[in-house]
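Summary of the model geometry
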Amino acid sequence: MTKDSTGDIIIRGAMVADGTGRPCYPADIAVMDGRITAIGQLDGLRAKTEIDASGLVAAPGFIDAHAHSDTSFRQDDSSASKLYQGITTEISGNCGGSPFPALPERKDDDPWSFCSYEDFLTAFEHSHCRMGVNQAMLVGHGTLRKGVMGEGSECPTKAQLDEMRRLLRRDLAAGAIGMSLGLEYATGCFAQQAELNSLGEVVAEYSGIVTCHMRSEGLRIREAIAELAEIGRSSGVRTHISHLKLDHYSVHGQARDVWNIIENVRREGIRLTADVYPYTASATTLDIRCPRWSLDGGEQALLSHLRGPRRQAVVDGIRAHYFNAERAETCQISYDGGLWPEIVGKTLRTIAETMLNTTDYADAAAEILLRTEDRATGVFFVMSEADMLYFLSKDVCIGSDGYALSGDPARVPGSPHPRSYGAIAEFLRLAREKHICSLPEAVRRITSKPADLFGLTDRGRLAVGKAADITIFDPDTIAPQSDYLHPVRLARGVHWVLVNGTIALADGGQTDVRIGQFLRKQRPAG
């Protein structure tokens, strides 16, 4: 763009946090054809749309480093829960689950289950689907394993492992950014080290990343980190801990020791990183508390056990793993699959004592699983604030572990964790109020850092030639408005958002634009 030329958009008078971590500086930003064309004092330029950003910070569009929005566009295309936080890109396909690859003979009833990443992208395009923000996709190891082997606990044969490697290689070649592990869930929980190392080798061929919901985030977290580190040591692949936390009261206060373990792994030359969400409650499926043997064969196997003579053995396993009176109070049911709505928003203890007339909380959990056909999810208040803040003070990315959802409570099923509406905004609030890090550093950790980790070479920095994903916000007011009792509340403090060079949020309100794309990995990350 030359002097006196007309562009699409000029952002005037912003303080620029360019994503690199260097100090903010005043500048205008010009955008044309979806790209940043100039940054500086642009008094001589004119544009069709001029945005007054006086008193605000302009930053690269924020990147949610851990999301589960894979097919959220089917229910609501606004992505409002993310857009109002300034998020323009999500990393999805996490915790071992993705919409692909499902082999034809093993596909379930979900019409958005696909044989390949390419098929998934083609369906998105041909179905005229839209979404408010971008996504980059990982290949879910659990989905891959189920597609080749079914839901059993056996180790793969050589032929099965070769087929898993072939399918993984195909989807990485199509632009998937890596592979995610969900080693606390079936079927990923049945995988052993040799299988994980072998698949890590394939990801390394494409300079991808292996993200991991580790096998333990509490009592056995040291062994879990060692398992992930061994994948990196054996294959050379970059490894990443998803939602780093200490989720068992007996290990609270050990965040410093755990971080030292991570740093020791790095000193070996193993590339190990992490993301964190700024909340002391987790959220996941209720069946994660079941003994692993009961999940051998999947959902139907578990339900069969709960209906049959092995129910008590399942209950005993739930009790040993998790539930007593105190811990039943920490579990709040967030979703019932539409089968028992009276329990949503209530604690397990309340459900047990007032609805099931029992103080056997493990048995109550089993009954919830049975009545909801294993669809129940819960919010678990299991972390300490001191541990959370310690991890946030380190050089980690921020991931919501949430979904792109509507801002209308009537369109949101259940009672979701507020992190879907507030993780990035809450991190910026904590950085400001708890002095976790400077504003430029906070912006780096939600822009260029995840962009570099996941190979998004076109995003994460405000620079000429980059894609024009831009967030304009008030650093003094940005904060979530959602909480555990009222989770469907949009964040405040973000004034303007550009997604792929088009205004998606204007003066704090969402436009009709739905221009999000699935971003393919472009070339090897560093």
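Up top is the structure.
The text that follows walks through the structure, step by step, so that each part is easy to find. (Residues numbered from 1 in each chain as written. Predicted model: local features only at pLDDT ≥ 70, side-chain atom pairs only at ≥ 80, totals over all residues. Heavy atoms only, no water.)

1. What about the packing of helix H7 (residues 255–267) against helix H13 (residues 385–392)?
Selection rule: Simply put, an axis is a line fit to the C-alpha atoms, just over the touching stretch for a helix, and the angle between two N-to-C directions goes from 0 to 180 degrees. What counts as a helix is a DSSP run of H or I of at least four residues, what counts as a strand is a run of E of at least two, and both are numbered from the N terminus. With respect to orientation, any angle under 35 degrees is reported as roughly parallel, any angle over 145 as roughly antiparallel, any angle of 65 to 115 as roughly perpendicular, and every other angle as oblique. Crossings are sorted by hand: turned counterclockwise from the far helix by less than a right angle, the near helix makes the crossing left-handed, and turned clockwise it makes it right-handed. In what follows, residue pairs with any heavy atoms lying within 4.5 Å of each other are defined as contacts.
Two elements in contact, H7 and H13, have axes separated by 9 Å at closest approach and are oriented at 30°. When the axes of H7 and H13 are compared, the pair comes out roughly parallel. Every pair of crossing elements has a handedness; the one defined by H7 and H13 is right-handed. Between H7 and H13, the contacting residues are Ala255, Arg256, Val258 and Trp259 on the first element and Asp387, Tyr390 and Phe391 on the second.

2. Observations regarding the packing of helix H3 (residues 141–149) against helix H4 (residues 158–173)
Taken N-terminus to C-terminus, the directions of H3 and H4 make an angle of 130°; their axes are 10 Å apart at the nearest point. The pairing of H3 with H4 is recorded here as oblique in orientation. Both H3 and H4 take part in a crossing whose hand is right-handed. For the pair formed by H3 and H4, the contact residues are His141, Leu144, Arg145, Val148 and Met149 on the first element and Gln160, Glu163, Met164, Leu167 and Leu168 on the second.

3. Observations regarding the pairing of strand E12 (residues 238–241)
Basically, it comes down to this: Each residue gets one of three labels from its accessible area relative to the maximum for its type: buried under 20%, exposed over 50%, partly exposed in between, using a 1.4 Å probe on protein chains only. DSSP bridges decide pairing: two strands pair if at least two such bridges lie between them. For a crossover, the right-handed case is the one in which the path from the first strand over the helix to the second runs clockwise, viewed with the strands pointing away from the viewer.
Every second residue of E12 is oriented toward a common face, with Arg238 and His240 on one face and Thr239 and Ile241 on the other, all of them buried. Relative to E12, strand E11 (residues 209–213) is paired through 4 bridges, and the arrangement is parallel. Across the sheet, cysteine 212 pairs through a bridge with isoleucine 241, a residue of E12. The parallel pair E11 and E12 is bridged by helix H6 (residues 221–235), and the resulting crossover is right-handed. As defined by bridge partners, E12 adjoins strand E13 (residues 272–276) across 3 bridges and the pair is classed as parallel. Looking at E13, one finds that isoleucine 241 is bridged to alanine 274. The parallel pair E12 and E13 is bridged by H7, and the resulting crossover is right-handed.

4. Considerations on the sheet that holds strand E9 (residues 139–140)
Pairing is parallel in the open sheet, where 6 strands are placed in the order E9-E10-E11-E12-E13-E17. Sheet topology places E9 and strand E17 (397–398) at the edges, where each strand pairs with a single neighbour.

5. Concerning the pattern of salt bridges
Opposite charge on two side chains permits pairing when their charged atoms draw close. The test is simple: Should a side-chain nitrogen of Lys or Arg be within 4 Å of a carboxyl oxygen of Asp or Glu, the pair is scored as a salt bridge.
The tally for this structure, following the rule as stated, stands at 40 salt bridges. With a shortest N-O distance of 3.0 Å, aspartate 76 and arginine 411 are connected by a salt bridge. Here the residue aspartate 76 occupies a position in the loop between strand E6 (62–64) and helix H1 (80–83), and arginine 411 occupies one in the loop between E17 and helix H14 (419–433), the gap between them amounting to 335 residues. The exposure class of arginine 411 is partly exposed, given its relative accessible area of 45%. For aspartate 77, the salt bridge goes to arginine 130, with nearest N and O atoms at 3.3 Å. In this pair, aspartate 77 is assigned in the loop between E6 and H1 and arginine 130 in the loop between helix H2 (117–126) and strand E8 (134–137), connecting sequence segments 53 residues apart. Exposure remark for arginine 130: the relative accessible area of 39% places this residue in the partly exposed category. Where salt bridges share partners, they join Arg35, Asp458, Arg459 and Asp469 into one cluster.

6. Side note on empty space enclosed by the protein
Going by this rule: A 1.4 Å probe that fits into a set of points on a 1 Å grid over the protein atoms alone but cannot get out defines a cavity; an open set with protein on both sides within 12 Å along at least five of seven lines defines a pocket, and lining residues are those with an atom within 4 Å of a point. Grid points are joined across faces, edges and corners, and a volume is the space filled by probe spheres set on the points.
This structure, assessed with the given rule, holds 3 cavities of 30 Å³ or more. Each pocket or cavity is described by its volume, and for the largest cavity that value is around 70 Å³. Lining the largest cavity, in full, are His243, Leu244, Lys245, Leu246, Val276, Tyr277, Tyr279, Met383, Asp387, Met388 and Phe391. If one sorts the elements of the lining of the largest cavity by residue count, H13 sits on top with 3 residues.

7. Considerations on the side chain of glutamate 184
Counted only if it meets this: Counting rule for charge: Lys and Arg are taken as positive, Asp and Glu as negative, and neither His nor the chain ends is counted.
Note that glutamate 184 resides in the loop between strand E10 (178–182) and helix H5 (193–205). An unpaired buried charge is present at glutamate 184: no salt bridge exists, and arginine 292, the closest side chain of opposite charge, is 4.6 Å distant. Those residues in contact with glutamate 184 that lie beyond four places of it in its chain are Cys189, His213, Met214, Arg215, Glu217, Ile288 and Arg292.

8. Remarks on unusual backbone geometry
Cis rather than trans, the peptide bond between phenylalanine 100 and proline 101 has omega equal to -5°. In this structure, proline 101 sits in the loop between strand E7 (87–92) and H2. Unlike most non-glycine residues, cysteine 95 shows phi in positive territory, near 55°. The residue cysteine 95 is located in the loop between E7 and H2 in this model. Residue class for cysteine 95 comes out buried when judged on its relative accessible area of 11%. We note that asparagine 500 has phi near 50°; this positive angle belongs to a residue other than glycine.

9. Concerning the sheet that holds E7
An order of E6-E7-E8 is seen for the 3 strands of this open sheet, with the pairing classed as parallel. Since the sheet does not close on itself, it has two edges, and those belong to E6 and E8, each with one partner. Recorded for the sheet is a direction-independent mean angle of 20° between the axes of neighbouring strands. With 4 bridges connecting them, E7 and E8 associate as parallel partners. Looking across to E8, one finds that threonine 89 is bridged to asparagine 134.

10. Focus: the packing of aromatic side chains
Selection criterion: Classification of ring pairs rests on two measures: the distance between centres of Phe, Tyr or Trp rings, Trp counted by its six-membered ring, which must be within 6.5 Å, and the angle between planes, read as stacked under 30 degrees, edge-to-face over 60 and tilted in between. Counting as a charge over the ring demands two things of the Lys NZ or Arg CZ atom: a distance within 6 Å of the ring centre and an angle within 35 degrees of the ring normal.
Going through the model one piece at a time under the given rule, you end up with 15 aromatic pairs. Plain terms: the ring middles of phenylalanine 73 and phenylalanine 124 are 5.0 Å apart, the flat faces sit at 75° to each other, and that makes the pair edge-to-face. Here phenylalanine 73, found in the loop between E6 and H1, pairs with phenylalanine 124, found in helix H2; they are 51 residues apart in sequence, far enough to count as distant. Taking the centre distance of 6.5 Å and the plane angle of 20° together, the rings of tyrosine 117 and phenylalanine 120 count as stacked. Of this pair, tyrosine 117 and phenylalanine 120 are both found in helix H2, 3 residues apart, which corresponds to roughly one turn of the helix. Phenylalanine 120 carries the same exposure label as tyrosine 117, and that label is buried. Three or more aromatic residues link up through ring pairs in this structure, and these residues are Phe73, Phe100, Trp112, Phe114, Tyr117, Phe120, Phe124 and Phe518. We note arginine 289 situated over the ring of phenylalanine 380; from NZ or CZ to the ring centre the distance is 4.3 Å.

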